[in-house]
Every structure is written in C-alpha cells, then in structure tokens.
Amino acid sequence: MSGDLCPDPRGTPRDAGVATVGRAVELFAVTQPTTQTPSGDAVDLPTRYQPADVEGRLYERWVSEGRFTADPARNPGRPAYSIVIPPPNVTGSLHMGHALDHSIQDTLVRRRRMQGHEVAWIPGMDHAGIATQNVVERELAKEGLSRHDLGREAFVDRVWKWKAESGGRILGQMRRLGDSVDWSREAFTMDDDRARAVRTIFKRLFDDGLIYRAERIINWCPRCLTALSDIEVEHADRDGELVSIRYGDGDDSIVVATTRAETMLGDTAVAVHPDDERYKHLVGRDIELPLTGRRIPVVADEHVDPAFGTGAVKVTPAHDPNDFEIGRRHDLPSLSVMDERGVITEPGPFQGLDRFEARPAVVAALREDGRIVREIRPYEHSVGHCQRCRTVVEPRVSLQWFVKVAPLAKAAGDAVRDGRVAIHPPEMAARYFEWVDNMHDWCVSRQLWWGHRIPVWYGPDGETACPGPDEEPPAGWTQDTDVLDTWFSSALWPFSTLGWPADTPELQRFYPTSALVTGYDILFFWVARMMMFGLYAMDGAVPFRTIVLHGMVRDQHGKKMSKSFGNVVDPLDWIERYGADATRFTLLRGANPGGDVPVAEEWAQGSRNFCNKLFNVARFALINGANVSGPVPAELTTVDRWVLSRLNTVIAEVDAHLDDYEFAKACETLYHFAWDEVCDWYVELAKVQLADDRAPATRRVLGEVLDKVLRLLHPVIPFVTEELWTTLTGADTLVTAAWPAADPERRDAAAEAEIESLQRLVTEVRRFRADQGLKPGQRVAAELDWAGSPLAAHEEGVRTLLRLTVPGDGFAATASLPVEGATVRLDTAGAIDVGAERRRLEKDLATARKEADQTRRKLGNEAFVAKAPEAVVAKNKDRLAQAEADIARLEHQLAALPAG
RNA sequence: GGGGCUGUGGCGCAGUUGGUAGCGCGGCGAGCUUACACCUCGUAGGUCGUCGGUUCGAGUCCGGCCAGCCCCACCA
C-alpha cells in the first residue's frame, strides 16, 4: 500500500494523508470483520456500514461543538431561518408521525445551515393539560388516591415531579433521530417564560374585550369532569334508538322523536315550525309532559324542520346545544336533570341513575301507558366522544371563559388569502378557510388543575380583575379555579419560545418563523390558533411564512397505525436495526406533498441498503485514492465529463425539489443518481481509467462527485454522510459545509449522449449474453467494429464491462450485433441458441414495425402536423427514424444468424 | 347535511403547461466481476375505476356513474 492510497485532500504533505488513511481504517475497522477477501491485493476492510457505531458519537459531538446553536447576533447580514418544533406532549414518546415531522424539519434546517443561513430550530414540549393530568391521576389511583386526596397544590407538585422524572422521554428520542435542534433554547409551555406570555396575552385579550365569561352550553366530559372545546370532541356514528313519544293528550297531543329519552325529564317546551299547519292550533298552548306531570308550552321556531320525523321537537335547553338556542329565543327555563358525572338528579324514580341507565328506564316507564310510546326504531346517529378518554360527551350548561374568535379568525384567514402565509400543498388551503371562516367562539376554560390558571380574580361582590404579569391582584380577592385549554399556550409557541413579551434579539431575528411543519390533522387544533394569536400579539406580523403540511404515516396497505391493528412501527426499533438515516430516508422518500406516507419493513431495508451502498462507494473511493480538493482538471474523458454533467443536473434538480418541499422527489433523484449512475456506471467505467495515466484526473472527478453527493444527501441522512465526508475530506464537519451550487458550465449534452449510447450498447450485448446463457464472468472473444463511432474511444471500457477478450487465432464470429453504429462480433464457440435468438429478434422486429407504422400514420395526419407544436412533430420524426433504424438493425441481425 | 381526497403493472407510489406510461418492493432467470450478496447482470408484467364529452391527440381537461377514504357539522 502506498502513500497515494488516499492523498491528502488539501495537497499538504504526506503525513496528513496518512492521518486520513488512519481515520479511514478506523472507520471501516469498527464494523464487523470482512466476510470475504477481495481477490488480488489484500485490502482487508469490512464491507458493511454499522450505524450504531457512529450515530451516537456524531450526535454528541455536534451538540458539544454547538453546531446547532443559534446566535441572533451572528452574521447579521445573512438571512435567518427558523422553525419552532410542534411541541410534543410531555406524556408522549416518539412515534412514526414525529419521526416524519422531525425528519422534514431537520432536512429543511440542515440545508439552510449549509446555505449559510443563521438557523434556529427551537425544541420544546407541551404540558398537555388533560392528557398529563390523566396520566398522573392514574398513577395516583394505583396508590388508592385521587387528586382530591392530595389537594390542588400537592397534586400540581406531583405532576411537576412526574414531569421531571418521566416526562420528556421524547427529547432523548429526538437525539436518536438526529434532530439538529438548538437545545440551549428548549422551552416548555408551562415554564416561567411561557407563563408570562400567557398572562400577557390573556390580559390584552381581556382588556380588548376579546375574552369573556359566559354561561353557555358546552361540551362536557363526565369522566374528566371538564369542559372541552369543539375540536376536542370526536364524532362517531353509533347505533341507537329513535323513540317517538306522545306529549299531551287528545287534541292537545303531539308526537316528538328522540334518541335521548332520558333528557325529556328536562324538557321545557315542544317546538314546531311556525308555518306547520298541523300544529298551528297548538302553538302558545301548554301540553302535559309525560312522567313528570309538568305542563310545557308549544313554541314556534324556524329551526325545526317540518319534514323531519313528525315535525315536532322536544326542547331540552340544558342538555342540547340546539335546544339551548331555542330556549334562549323563547325565553324558556333551562332545567338541568343531571350532575357533572351524568347522573340523573331530578327527583323521582330515575334519580341516581346514570344517563345510560336512565334512558331505557324512562322508555320502560313510558311504555306502562300503551298510548305514549308510538314507535321505537333503530337509528344510527353521530355521537360526540371525549378525545382523551372516549367517554360520550354531555352537553352541559355552565359558566366558562371564551375567546371571541370572529375578528381573530378573520385576520387568520386574510393572512393566507393575501399570500403573507403560504400553505403547502396549496390544496390544503381550502380546508383551512373552511375552518377559520366558520369557527365558533373558543371555550378556553378547563376544570382541571394542571395548566395555566386563569389569571382572573374575583372580588367579594363579584367584581373581576385581570392583573398583568407584573401586577398584584387586589388583596383578599380569589383567583378563578379553572385552567386554560392546552392549546391556548401552544398557540403562542412561535413567539413565546423566542422570548415574547420581551423584545429579545431572538424575536427580532427569528420572527416570523420561516416554516411551520406539521401533519394536516392539527391544522385546526393548532395552526389556525397560532395564526390568530400570532397576528394579534405581534401586531399583524404572521407567525410563519409557510405552512408545510404532511400526511399521516401508515402501514404498507395504507392503514392507519394503531395498537388495536397491531401494525404500529416503533421508529426507535428501526433506528436500532437499520439506523436513523435509513429511518429518515424511508419516511422522506415517501413524503409526497400532503400525502400520507406508507412505511414497511422492506422500505426500511432498502434505505439501509442505500446507506450501505454509499458506504461502499466511499470505501472504493478511499481505496482508489479519490481526491476531493483542488481544481478539476481541464482535460477530461467523456466519461468524466458525462458524470460531472449529470451531477450538475442533479444538483439543480435536488435544489428545486427541496425548494418546493418535494422531499420524495429529492430523495428519488439522489437515490438514482448515486446508485444507478455513479455506482453502476461511473465507478465501473472509472475502474478502467484508474488503471492508466488518466488516473489522477479520474481520482479528482470521483472525489468531486462523492463530495457533492454527500453534501446533497446530508440534510436527509446526516449521519453516514458526515462520517464518510469527513473521512474523505479530512474536514471537521459537513454540518456547516457549503451547499452545492449547480454549475451550468458543466452541462455537456454531447458527453451525455455518447455515454447513453454506450450504455445502450453494453446493455444490448449483456442482454444477448444473458439470453444465450453465457456466464457473466465468462470471457468471450470479440471483435469490435466501430470505425467512425465515437464509441471507439471506449473500447477498453466496453471490453472490461462485458468481459470481452481480444480474439486470438482461430476466431470465428458466431454472433454479430449491430448496435449504436457499431458491430460487435462475438465468438460464442458455436454455442448460441439460434432458435431463441431468432424468436427474440422477430418479436422485437414486430414491435419496431408496429411502432413505425403508428408513427408514420400519425405523421401522415395533416391535422396533427398542422396543429401540434413543432417539437412534438420533431419528436415523432425522431421516433420514426429510430424505429426504422431498429428495423434495419434487427433485419440485419436476423439475416446474420447462422442457419438452423 | 356540507367540504375535500383517492382509484395507474401483485403491493406501495410518481407522472410538470394534454403528445401512445415510470420508480421502489416483490416475481422470474443468471452470477462471487478492481467497493458493496444490505451486491451485480438480464427479464416478465399496466392502456391508466367506469361511461360519455372536448381535441388532430387525454392517465393528464369537462360531465355522469361505481368504489374507497378523510375532514367538518347544533336535524331531534
């Protein structure tokens, strides 16, 4: 082994080169032992990339060297790029959805870092009100305690303790994934700075009259014992019964239908449509409500659909949102018949029954009089469930805090409408508008203990005060006991993480953030709310310039991942078995804009294989002394010019794809270039050049190609690329190395055409050899007749690729393949299967003739020639010419076949 | 009830301003060749859900239908 095994990239003296070799050996030596020894020179290096050996080490180094730390004061002239991470719940752990979301963000920020931007990617977590409280309550339950046994203060302490001990497991998992976040700026939605932001904006909203307290009917979870906002309620179809009940008696009777018979105990009216002739005589009269003895009025209300059911509806203002509104319009009393746990409180036979026990009980009681229940039929209807615990939500009248969203939502919609915020993919904007344009006031109070306590105090006579964060509440007043919806504090995330309300350098430099990356599933929950609060708090400045929406990760059949299906894939499992890079690559390769991302074990293996492929080209490059520094020589072979031309095309394509958030396309482009073109063609052709005096230039080109490919791949697969690139170049890190710029001067159409032609020739001969059963390794004597063809310059390469020897004495051509303006005559020792070859050629000939006919007919179509663009016509002419050439070639080959 | 999406080789997906279909995985066959069997080479396999329309020409535009999915929703 000589010193030029791996020349020093900077051309400094030999010992530096030796050091690089030492590194290389170390890199390859930590992997498992070689399974086989290449023939010839004993280069005893292992052949597989072992991610586990490098990932942890590299990540720790990146962090300790501060590679991800943002500095708002650094390079003021340079553009800033910032992203705030969608804060995962403290209770959460990394799942594939996070892995996808984070891989996208990491790709974006790593590329910007390489482009010289000042990058801030802010990590953090969400306190996740209900979810976290439930976790800790469950823990307490194991000790036989409830939160009430501890009392509020002790319980909240307990939650903090839990958070310190087992919360935030996901942060460690983010390191495994390789997230290049700025850990020095980690935030938590409940920490002091964020609490200050909450207090500040609450007060502003309060003072502006955009937050108010009112008695309303809200969604109530009888298990969590708290109010829920509309979007925390999930609707699902359930089988139920539609029971028709006669109210009143004789001429004064009316039949109503309900799926919730038990609520009739709280009915305070029956409503009909004002124009409904059937019931006009009853409007304004009282009728008797069965079971209760109460008499309730019949009212006329536009809301009632006369065509539905009997056209009459029972009105229970306390337990149904519609009825609540009807009740308000007609000034009806609101009679609550259940407590906060959904247990009937109305005195009588049903008192103490759960709402679901009361339902059949009420129906049974009604049936005792055979004339009251007119019909019972199965009925499927939509029922709201608590998003957190799946309990059926109970509409309930209570005193809650609301944010008046109309003005805020208007601004949030306008920011997208007028283009200040772009949504990718743009189709998703429709969903966004539909939501912001139809949003109800947002119920922000929760009857929980874990969360930001509502900063409102009440005086002895019911006065209210909302002191700012630096103000004291009046002495002796008591604070509201409710806390704010979790989404209230996360809506402030893009600016609260940057120090708002203080006017920090971070805020100056990094707000508005550059992109917000998240799944389309929380467009409503979170994104729209950040828009509302961002615009409001930051005086009209948008919270982010671009919203990048991705889909959900699914299994290989497009099924949602869920425990019950048993198809959940744990990203950490993949990271351990295939590496973080392979995990990331699999996800990004499937990340078409807005589309769901199916993943499967095989895809991950494919990605792992790709990383290994890169490892091996790098190994090849090291063994052959690839050179990554200095100018690329002016004198280059067609092969070299071709690969550089392709490289620069690829750089431009990848750049464009990443600009468009087309991660799948960027990955595909690089995958194919690196594997199909660089490994399968360039390296094979380069082997020939490396054996002669073209070696120095070839080493430089090989180094150049690898250098650029690794840079381009680094944002997507940071670990392998860092490891290989630093080994190849001897430089410190790829993290801040320059992002490649495409050089249009390198584009070389002639070289590309020539190599494509060469590829076709080689493929054709390989095909022939395979069809004829000639072993790929078997050397075959061949005569190449290609006078005048530019391919003649590649004779050595062709002979190597095809394992063709120069014919000696006694050469007898038994196969003649005219292709690409050349003729290859092979000595197949008389072993060729003439019949098979003839069948094959005839089939191809038929195909070519058919194509020629079709194209000829098309070109004969006057309308086509007149109307189609010139380029299209020209393309068809080329096609015809090609087909005709194929026909001639195939006929020639057929004629040249030996008889029999 | 409203809104949106999807339907392309066995499976999962690409297909830019309309010009006769690509990729990965899988299948089949061959093979240790100057890095890689987590490899190489060769190969089979779709007329683009369906009907109709516009056009010289449609997977690519328009309409109907069929199938599947998602989101939003205060019709009992």
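As the structure is a prediction and not an experimental result, all values here were calculated from the model.

I'd like a description of the packing of helix H24 (residues 749-771) against helix H25 (residues 795-802), backed by residues and values.
With their axes 10 Å apart at the nearest point, H24 and H25 run at an angle of 30 degrees to one another. Between H24 and H25, the angle is such that the two are roughly parallel. The crossing of H24 and H25 is right-handed. Touching Leu758, Leu761, Val762, Val765, Arg766 and Arg769 of H24 are Val798, Leu801 and Leu802, all from H25.

Got a sec to walk through unusual backbone geometry? Specific residues and values, please.
For the bond running from His424 to Pro425, omega is -10 degrees, close enough to zero to count as cis. Take Pro425: it is sitting in the loop between strand E15 (422-424) and helix H12 (429-436). For the peptide bond that leads from Tyr511 to Pro512, omega is -5 degrees, which places it in the cis range. Take Pro512: it is sitting in the loop between helix H15 (505-510) and strand E22 (513-519). Phi is positive for Asn75, close to 40 degrees, though the residue is something other than glycine. With respect to the helices and strands, the residue Asn75 is situated in the loop between helix H2 (51-64) and strand E1 (80-84). Accessibility expressed as a relative area gives 33% for Asn75, which makes it partly exposed. Even without a glycine there, the phi angle at Ala128 is positive, about 50 degrees. Residue placement: Ala128 occurs in the loop between strand E3 (124-125) and helix H4 (129-142). Given a relative accessible area of 5%, Ala128 falls into the buried group.

Explain the sheet that holds strand E20 (residues 478-479) to me, and be specific about the residues and the numbers.
Taken in spatial order, the three strands make up an open sheet running E19-E18-E20, and their pairing is antiparallel. The sheet is open, and its two edges are formed by strand E19 (464-465) and E20, each paired on a single side. Two strands pair when backbone bridges link them, and strand E18 (residues 457-458) and E19 are joined in this way by two bridges, in the antiparallel orientation. Each residue of the ladder has a partner; that of Trp457, found in E19, is Ala465.

Could you give an account of the environment of Gly129, naming the residues involved and the relevant values?
When you line up the elements, Gly129 lands in helix H4. The spacing of Gly129 and Asp485 is 356 residues in sequence and 7.1 Å in space, taken between C-alpha atoms.

If you had to explain the nonpolar core to someone new, which residues and values would you point to?
Counting 153 residues, the largest nonpolar core has Val705, Leu761 and Leu826 as the members making the most contacts within it. Considering each element in turn, this core owes the most residues, 15 residues, to helix H21 (residues 663-690). The contacts of Leu826, once residues within four sequence positions are left out, are Val765, Phe768, Val780, Ala781, Ala782, Leu804, Phe811, Ala812, Ala813, Thr814, Ala815 and Leu817. Counting 69 residues, the second-largest nonpolar core is a separate cluster that includes Ala187, Ile211, Phe433 and Leu523.

I'd love a proper account of empty space enclosed by the protein, names of residues and values included.
Evaluation of the coordinates by the stated rule reveals one cavity of 30 Å³ or more. As for the largest cavity, its lining consists of Phe768, Thr814, Ala815, Ser816, Leu817, Ile832, Glu837, Leu841, Gln893, Ala896, Leu897 and Pro898. Secondary-structure elements contributing two or more residues to the lining of the largest cavity are strand E28 (815-819), helix H26 (834-860) and helix H28 (870-896). Sort the elements by how many residues they give to the lining of the largest cavity and E28 lands first, with three residues. Looking at the lining of the largest cavity, its residues break down into eight nonpolar, three polar and one charged.

Tell me about the protein's contact with RNA strand B, and please be specific about residues and values.
Around RNA strand B, the structure places 59 residues, and the nearest of them are Arg48, Asn322, Trp675, Lys775 and Lys867. Each atom of RNA strand B within 4 Å of the protein was assigned to sugar, phosphate or base; sugar and phosphate come to 58%. Note that a base nitrogen of RNA strand B is positioned 3.3 Å from one of the side-chain N or O atoms of Glu684. The contact in question runs from a phosphate oxygen of RNA strand B to an N or O atom on the side chain of Lys867, over 2.2 Å. Considering only residue class, the surface near RNA strand B consists of 22 nonpolar, 16 polar and 21 charged.

Outline the layout of surface pockets, listing residues and values.
The volume enclosed by the second largest pocket comes to roughly 1,400 Å³. Every element with two or more residues in the lining of the second largest pocket is listed here: strand E7 (233-247), strand E8 (254-258), strand E12 (312-315), helix H9 (321-330), helix H10 (355-367), strand E13 (373-386) and strand E14 (394-403). Top element by residues in the lining of the second largest pocket is E7. It accounts for eight residues. Taken together, the residues of the lining of the second largest pocket break down into 18 nonpolar, 16 polar and twelve charged.

Summarise the packing of helix H18 (residues 580-589) against helix H19 (residues 601-623); cite the residues concerned and give the values.
Direction vectors running N to C along H18 and H19 enclose 120 degrees, while the axes themselves pass 8 Å from each other. Classed by the angle they form, the pair H18 and H19 counts as oblique. As for the relative orientation of H18 and H19, their crossing is right-handed in sense. Between H18, through Asp581, Ala582, Phe585 and Thr586, and H19, the contact on the second element is made entirely by Trp603, Ala604, Ser607, Arg608, Phe610 and Cys611. Looking at the contact of H18 with H19 residue by residue, the classes come out as six nonpolar, two polar and two charged.

Break down the side chain of Thr726 for me, with residues and values.
Positionally, Thr726 belongs in helix H23 (residues 718-729). With relative accessibility at 1%, the residue Thr726 sits in the buried group.

Describe H4, naming the residues involved and giving the relevant values.
Relative to the 20 Å expected for 14 residues at 1.5 Å per residue, H4 spans 20 Å between its end C-alpha atoms, a close match to the ideal helical length. For H4, the complete set of buried residues consists of Gly129, Ile130, Ala131, Thr132, Gln133, Asn134, Val136 and Leu140. Along its buried surface, H4 packs onto helix H5 (147-150), helix H6 (152-166), strand E6 (226-228) and helix H13 (486-490).

Pulling in residues and values, what's your account of H19?
For H19, with 23 residues, the first-to-last C-alpha span of 33 Å sits near the 33 Å given by 1.5 Å per residue. Directly after H19, the chain includes Gly625, whose backbone phi takes a positive value near 70 degrees.

I'd like to hear about the sheet that holds strand E5 (residues 211-221), residue by residue, with values.
Strands belonging to one sheet form pairs held by backbone hydrogen bonds; the direction of such a pair is parallel or antiparallel. The strand order across the open sheet built from four strands is E6-E5-E14-E16, with neighbouring strands paired in antiparallel fashion. Every interior strand has two partners, whereas the edge strands, E6 and strand E16 (442-443), have only one. Of the strand pairs in this sheet, E5 and E6 are connected by three bridges, and their pairing is antiparallel. Residue pairing in the sheet places Trp220 in a bridge with Ala227 of E6.

Please provide a residue-by-residue account of the side chain of His794, values included.
Structurally, His794 is set in the loop between strand E26 (780-785) and H25. A residue is classified by how much of its surface remains accessible, and His794, at 9% relative accessible area, is buried. Ignoring sequence-local partners within four residues, the contact set of His794 consists of Thr638, Val639, Glu754, Ile755 and Leu758.

Would you mind going over the pattern of salt bridges in detail, with residue names and values included?
Evaluated as defined, the whole model comprises 68 salt bridges. Across the salt bridge formed by Lys687 and Glu684, the nearest N and O atoms sit 3.0 Å from each other. Of the two residues, Lys687 and Glu684 are both situated in helix H21; the distance of three residues between them amounts to about one turn of the helix. Relative accessible area serves as the criterion here: at 38%, Lys687 is assigned to the partly exposed category. Here the salt bridges do not stand alone but share partners, grouping Glu764, Arg767, Asp771, Glu837, Arg840, Asp844, Asp886 and Arg889 into one network.

Which residues make up the pairing of strand E29 (residues 822-827), and what values go with them?
As judged from the five bridges shared by E26 and E29, these two strands associate in the antiparallel manner. Paired with Ala781 across the two strands is Asp827, which belongs to E29. In the sheet, E28 pairs with E29 via five bridges, with the strands oriented antiparallel. Looking at the pairing, Ala815 lines up with Leu826 of E29. Hairpin remark: E28 followed by E29, antiparallel, with two residues in the connecting loop; positive phi at Glu820, about 55 degrees.

Can you explain the confidence of the model for chain A? Please cite residues and give values.
Here chain A averages 88 in pLDDT, while 95% of its residues score no lower than 70. Within the model, pLDDT remains below 50 along residues 29-44, and this stretch shows 17 contacts once partners closer than five positions in the same chain are excluded. Reported confidence for the predicted complex is 0.95 by ipTM and 0.90 by pTM.

Please give an account of the state of the cysteines that cites residues and values.
On inspection of all chains with the given rule, the structure shows zero disulfides. A disulfide-free cysteine, Cys443 has its sulfur positioned 13 Å from the sulfur of Cys386, the nearest such atom. On the accessibility criterion, Cys443 (4% relative accessible area) is buried. This cysteine, Cys667, is not joined by any disulfide, and Cys611 carries the nearest cysteine sulfur, 11 Å off.

Parameters at a glance
Residues numbered from 1 in each chain as written. Chains lettered and ligands numbered in written order. Predicted model: local features only at pLDDT ≥ 70, side-chain atom pairs only at ≥ 80, totals over all residues. Heavy atoms only, no water. Axes fitted to C-alpha atoms, helices over the stretch in contact; angles between N-to-C directions. Helix = DSSP H or I, 4+ residues; strand = E, 2+ residues; numbered from the N terminus. Parallel < 35°, antiparallel > 145°, perpendicular 65-115°, else oblique. Left-handed = near helix turned anticlockwise from the far one by under 90°. Contact = heavy atoms within 4.5 Å. Buried < 20%, exposed > 50% of the residue type's maximum accessible area, 1.4 Å probe, protein only. Pairing = 2+ DSSP bridges. Core = buried A, V, L, I, M, F, W, Y, C linked by side-chain atoms within 4.5 Å. 1 Å grid on protein atoms, 1.4 Å probe; cavity = no way out; pocket = protein on both sides within 12 Å on 5 of 7 lines; lining within 4 Å. Points joined across faces, edges and corners; volume = space filled by probe spheres on them. Nonpolar A, V, L, I, M, F, W, Y, C, P; charged D, E, K, R; others polar. Near = heavy atom within 4 Å. Polar contact = N/O pair within 3.5 Å; in protein donor to acceptor, adjacent residues only side chain to side chain. Expected span 1.5 Å × (residues − 1). Salt bridge = Lys/Arg side-chain N within 4 Å of Asp/Glu carboxyl O. pLDDT = per-residue confidence, 0-100. Disulfide = S-S within 2.5 Å.

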